[in-house]
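Given next are the chains, with one letter for each unit.
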Amino acid sequence: MGRGSMEQRTVVRCAEGHLFSTTTFPMQNLGPGRLGPGRLIRCPQCGRLRSSVLADVRDLSTAQLAQAMRLEAAEFLA
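Just so it is clear, the model here is predicted, and its values are computed rather than measured.

Caption draft 1: Just the environment of Val12, in detail. Looking at the element boundaries, Val12 is found in strand E1 (residues 10-14). Judged by relative accessible area, Val12 falls into the buried class, the value being 0%. Spatially, the C-alpha atoms of Val12 and Ser51 are 10.0 Å apart, while their sequence positions differ by 39 residues.

Set out below in structure tokens:
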């Protein structure tokens with residue numbers, strides 16, 4: 001893996017329900033009052049910019065979590 005494997009990654013879910021991971025999900029930088037609870041991230045499964053929110057990893061199976069960690073978003077917008 002590349003650079004992302006050395007950084008902490010967060011599992012997120014896009015508006016279409018796809019699970020993936022990202023190294024950039026700065027909830028502290030932009031409060032929910034500005035953009036809502038989600039962030040625009042290009043989903044690696046469908047390739048579109050989607051509003052994405054933190055996934056509750058406690059609700060994910062081991063297989064879902066493993067798949068999400070293999071799919072890493074490369075682009076974070078807002």
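Caption draft 2: Spotlight on the pattern of salt bridges. Under the counting rule described, the total for this entry stands at three salt bridges. Measuring nitrogen to oxygen at the nearest pair gives 3.8 Å for the salt bridge that ties Arg9 to Glu72. Placement of the pair is Arg9 in the segment before E1 and Glu72 in the segment after helix H2 (62-70), with a sequence separation of 63 residues. Here Glu16 and Arg50 are joined by a salt bridge, their closest N and O atoms 3.7 Å apart. A residue pair is termed long-range when its members are at least 10 positions apart, and Glu16 in the loop between E1 and strand E2 (19-22) and Arg50 in strand E4 (residues 49-54) qualify at 34 residues. The exposure class of Arg50 is buried, given its relative accessible area of 18%.

About the cut-offs
- Residues numbered from 1 in each chain as written.
- Predicted model: local features only at pLDDT ≥ 70, side-chain atom pairs only at ≥ 80, totals over all residues.
- Heavy atoms only, no water.
- Helix = DSSP H or I, 4+ residues; strand = E, 2+ residues; numbered from the N terminus.
- Buried < 20%, exposed > 50% of the residue type's maximum accessible area, 1.4 Å probe, protein only.
- Salt bridge = Lys/Arg side-chain N within 4 Å of Asp/Glu carboxyl O.

None of the figures reported here should be taken as evidence of function without further support.
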